[in-house]
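Below, each chain spelled out in residue letters.
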Amino acid sequence: MAPLEHYLIVSALLFSIGVVGVVVRRNAIVVVMSIELMLNAGNLAFVTFARFLDSMDGQLVVFFVMGVAAAEAAVGLAILILVYRNRETTDVDELKLLRL
Amino acid sequence: MMNILAIILLLPLAGVLLNFLFGWRRGEKFAGWVAVAVMALAFAASVAGFVQLLGLPPTERLLRVDLFKWIAIGKFEVNAGLMLDPLSSLMTLVVTGVGTLIHIYSIGYMHGDRSVVRYFIYLNLFVFFMLTLVLGSNLLVLFVGWEGVGLCSYLLIGFWFERPAASEAGKKAFIVNRIGDFCFLIALFMIVGIFGTLDFAAILQSAPGKLTVGGSAVTAICLLLFAGATGKSAQIPLFVWLPDAMEGPTPVSALIHAATMVTAGVYLMARMYFLFDLAPVATNIIAIIGAATLLLAATIATVQTDIKRVLAYSTVSQLGYMVMAVGVGAYSAAIFHLMTHAFFKALLFMGAGSVIHALKGEQNMNRMGGLSAALPATSLTCTVGGVAIAGIFPLAGFFSKDAILFSAMTSERGGLGFWLAGATGALLTAFYIFRLLFKTFYGRCNLTMEEQRNLHESPASMTFPLKVLAVLSFVGGWVGIPLIPGVNIFDGFLAPVFGAAGETHHEVLFELAMMAVSFAIAILGIFLAHNLFVLNVKGSAGYVERFPGLYRLLFNKYYIDEIYDSLVVQPIRRVSVRLWRDFDDGMLDASVNGAGGFVTLAGDVVRKLQTGYVKSYAVMMLVGVFAILLYLTTGVK
């Protein structure tokens, strides 16, 4: 089995890609996907530690995260569809109605 | 079986409720007759109470009832208590009797006014409070009535509130009375402090033990009570509201500002006579102020041209007589004059109202004259009233004024000065009232032909009360004929209330001489008025030209309103403006606005962070997360 660092580096990489995606991409769908990426980077770290520590706790958390992520994706996509219908765009830079 | 006192009191209140609930829809006629009916019933109940009193032996003539316990704080208790003794019985009879007549008169006078229902509600409410005032068995109940009649006075003076002058006059009456009421309230506090009770009987019993004659406490209480009375009873220095109160409907002037409410101060002092007897300094001041008021007002009344204003100043002057009588200790005489004055002054006011009604609102006497032909009933009854107030034997005013003059001369607290003031006042009274009669009803008519053709006598609802009051003004004084022992029913009836203070010992010859003098004085006044305003009309104008300064001084009422304005109103106004600008605007508002301004400013700064770009939020969050991570992992502080 590969050493712990390898798994964590992959996880950190995935997370960073997700962060960059959230910060730089303008398409809201891509932003949501980037968030999923970050969540799954966290999941990877959890299962890694669960494996190396011989404990089921981390795996348990992963299931929670997946459940929450599914719900979040459903709600997020529903919102995006409504936004698109109303505004005909999913560009997050153009969605700034709350600003004065 | 309900108590007779409660019935007297609650009848006018029932009228208020009936008219309040149904009067608006049923209209003028219903409202008027409901108001009159409850007044007539209240009068009948008052008579019943009076008869019940007469059935008791003289020293036990007192009916008391406690409706409910009102206030109980530790040992201090106040009941909502009523009592009927000879004094309050007399007042009740005057209030309900004259009040009923004035209500009947109002039906004719207010006919066609669009707020007539509101008028009758106020009028009944006034009577309710006035009865509370005279029937209360302790000072606090009296005070409730006192404030209530003040309120109704304000409402009725400003009844035609669309007219700026009327609403101004209402406010003036209310504010000026507030000064007196404030003093009255302090007197109440002092009485509670000293006696621990406000009940008349209890105070009467413990007064000699708890107060020393001429002590500072009793003097202060008496002066404060008197200050309250100067407000209600229109004495110097607070009389200025009464002439302006003539802006109200004329029956209101007759009821509130002649017959009943303005006598409340006199009633209060008569009710608390046992305190005044203990304060010689205070009573001296009271007598002096009464004398000064009666002279001041009588002189002003001699030159006024508005018929109601002449009567208003006459009222102030007659109230001065009553206050002087209280000051010299002649409480019975004061109440006697109060009663007769209620008759003839209500009569004169309503007569003036009848004239004003016939002339469609004209109040200037210079435009009247010779109205006796067109208004026979009014002019005849008014003449009776005028003769009565002038003090001509054997009408009511003669006996009551004589009683006051006699006491002013012979009482221990009186003196020649008071008698002279009263006698001069009597001369002026006869003069100004006959000036009014001559200028209004006799002599040449100054109306246009058109107006003369339209003259008409008032309806029966207005002339009937005039006739009744004319009879009362004629015979009302006969209950107080002095000289023959046992005939002076009035003093005898009030004797249980005032005790020895009510008795003056009469020396027949001296009394007769005094009567002759006061009669002669009245005749002289009438003679002068006749000379100036009938025989030699140009002569009166000549006097005005010869003494222009004096005339202007009197015509402008000694400039007292102007003096008060510059000494009291304007300084208070200036201080208020300063407080408003500097304190309210400058400090209170500024601090509140400053707090708001600070928040706005802070918001402006923080708002810059809120760009609306989701990405910038994400970056901020990221930076925050890294900062926290850094802190947790390295322990940087």
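Since this is a predicted model, take the numbers as computed values, not measurements.

Procedures and definitions
- Residues numbered from 1 in each chain as written.
- Chains lettered and ligands numbered in written order.
- Predicted model: local features only at pLDDT ≥ 70, side-chain atom pairs only at ≥ 80, totals over all residues.
- Helix = DSSP H or I, 4+ residues; strand = E, 2+ residues; numbered from the N terminus.
- Buried ≥ 20, exposed ≤ 12 C-beta atoms within 10 Å, placed from the backbone.
- Contact = placed C-beta atoms within 7 Å.
- Rg over C-alpha atoms; globule rule 2.2 N^0.38 Å.
- Pairing = 2+ DSSP bridges.
- Domains from an automatic or database assignment.
- Nonpolar A, V, L, I, M, F, W, Y, C, P; charged D, E, K, R; others polar.
- Core = buried A, V, L, I, M, F, W, Y, C linked by C-beta atoms within 7 Å.
- Axes fitted to C-alpha atoms, helices over the stretch in contact; angles between N-to-C directions.
- Parallel < 35°, antiparallel > 145°, perpendicular 65-115°, else oblique.
- Left-handed = near helix turned anticlockwise from the far one by under 90°.
- Expected span 1.5 Å × (residues − 1).
- pLDDT = per-residue confidence, 0-100.

Draft legend 1. Inspection of the overall build of chain B at higher detail. Each helix and strand in chain B was counted, giving 26 helices and two strands. Burial analysis of chain B (637 residues in total) assigns 50% to the buried set. Taking the contacts inside chain B whose residues are at least 6 apart along the sequence as the reference set, 80% of them involve residues at least 24 apart.

Draft legend 2. Region of interest: the overall build of chain A. A tally of regular secondary structure across chain A gives three helices and zero strands. Against the globule reference of 13 Å for 100 residues, chain A gives a C-alpha radius of gyration of 17 Å, more extended than a compact globule. By residue count, 12% of the 100 residues in chain A fall in the buried class. Across chain A, the fraction of contacts at a sequence separation of at least 24, relative to all contacts at a separation of at least 6, is 47%.

Draft legend 3. Region of interest: the pairing of strand E1 (residues 63-73) of chain B. For E1(B) and strand E2 (residues 76-84) of chain B, the ladder comprises eight bridges, and the chain directions are antiparallel. In the sheet register, Ile73(B) faces E2(B), and the bridge partner there is Phe76(B).

Draft legend 4. Spotlight on the domain arrangement of chain B. When cut into domains, chain B gives domain 1 (341-555) and domain 2 (561-634). Relative placement of domain 1 of chain B and domain 2 of chain B: their C-alpha centres are 69 Å apart.

Draft legend 5. Here's a closer look at the interface of chain A and chain B. The partner chain B presents 10 residues to the nine residues of chain A that form the contact. For the side of chain A that touches chain B, a count of residues per class yields six nonpolar, no polar and three charged.

Draft legend 6. Geometry of the nonpolar core. Residues Phe126(B), Leu225(B), Val266(B), Met269(B), Met324(B), Ala334(B) and Ala346(B) are the most contacted members of the largest nonpolar core, which totals 206 residues. Here this core gets 18 residues from one element, more than from any other, and that element is helix H15 (residues 331-358) of chain B. Leaving out residues up to four positions away in the same chain, Phe126(B) has contacts with Val149(B), Cys152(B), Leu156(B) and Ile256(B). Core analysis: the next-biggest nonpolar cluster, separate from the first, contains five residues, Val19(A), Val22(A), Ala28(A) and Val31(A) among them.

Draft legend 7. How the structure looks around the packing of helix H3 (residues 86-109) of chain B against helix H20 (residues 460-475) of chain B. Residue and element names in this part refer to chain B. Between H3 and H20, the least distance of the axes is 7 Å, while the angle of their chain directions is 150°. One element, H3, and the other, H20, form an angle in the roughly antiparallel class. Crossing angle aside, the handedness with which H3 passes H20 is left-handed. Here Leu101, Ile102, Ile104, Tyr105, Ile107, Gly108 and Tyr109 of H3 lie close against H20, whose contacting residues are Ser461, Met462, Phe464, Pro465, Val468 and Leu469. Within the contact of H3 with H20, the residues separate by chemical class into 11 nonpolar, two polar and no charged.

Draft legend 8. Local environment of the environment of Arg87(A). Along the chain, Arg87(A) falls in helix H3 (residues 57-87). Taking C-alpha positions, Arg87(A) is 21 Å from Met33(A), a pair spaced 54 residues apart along the chain.

Draft legend 9. Inspection of the environment of Val262(B) at higher detail. All names here are of chain B. Position of Val262 among the secondary structure elements: in the loop between helix H10 (250-259) and helix H11 (264-271). Each C-alpha atom of the pair Val262 and Ser153 lies 10.0 Å from the other, and the pair is 109 residues apart in sequence. Ignoring sequence-local partners within four residues, the contact set of Val262 consists of Lys232, Ser233, Ala234, Leu242, His257, Thr315 and Leu319.

Draft legend 10. The arrangement of helix H22 (residues 508-535) of chain B in detail. Residue and element names in this part refer to chain B. Relative to the 40 Å expected for 28 residues at 1.5 Å per residue, H22 spans 38 Å between its end C-alpha atoms, a close match to the ideal helical length. Among all positions in H22, only Ser518, Ile521, Ala522, Gly525, Ile526, Ala529, Leu532 and Phe533 are buried. Where H22 is buried, its residues contact helix H16 (376-390), helix H17 (396-410), helix H18 (416-441) and helix H23 (537-546).

Draft legend 11. Looking closely at the confidence of the model for chain B. Per-residue pLDDT for chain B has a mean of 89; in total, 97% of the residues score no lower than 70. With pTM at 0.81, the complex prediction returns an ipTM value of 0.79.

Draft legend 12. Structural detail: unusual backbone geometry. All names here are of chain B. Looking along the chain, the bond that leaves Ile236 and enters Pro237 is cis, with omega of 5°. Position of Pro237 among the secondary structure elements: in the loop between helix H8 (216-232) and helix H9 (241-244). Residue Pro394 is reached from Phe393 by a cis peptide bond, and omega for that bond is 0°. Mapped onto the secondary structure, Pro394 falls in the loop between H16 and H17. One non-glycine residue, Lys557, adopts positive backbone phi at about 55°. In this fold, Lys557 is placed in the loop between helix H24 (548-555) and helix H25 (560-607).

Draft legend 13. Broad picture of the environment of Arg26(B). In this structure, Arg26(B) sits in helix H1 (residues 4-26). Between the C-alpha atoms of Arg26(B) and Val117(B), which are 91 residues apart in sequence, the distance is 9.4 Å.

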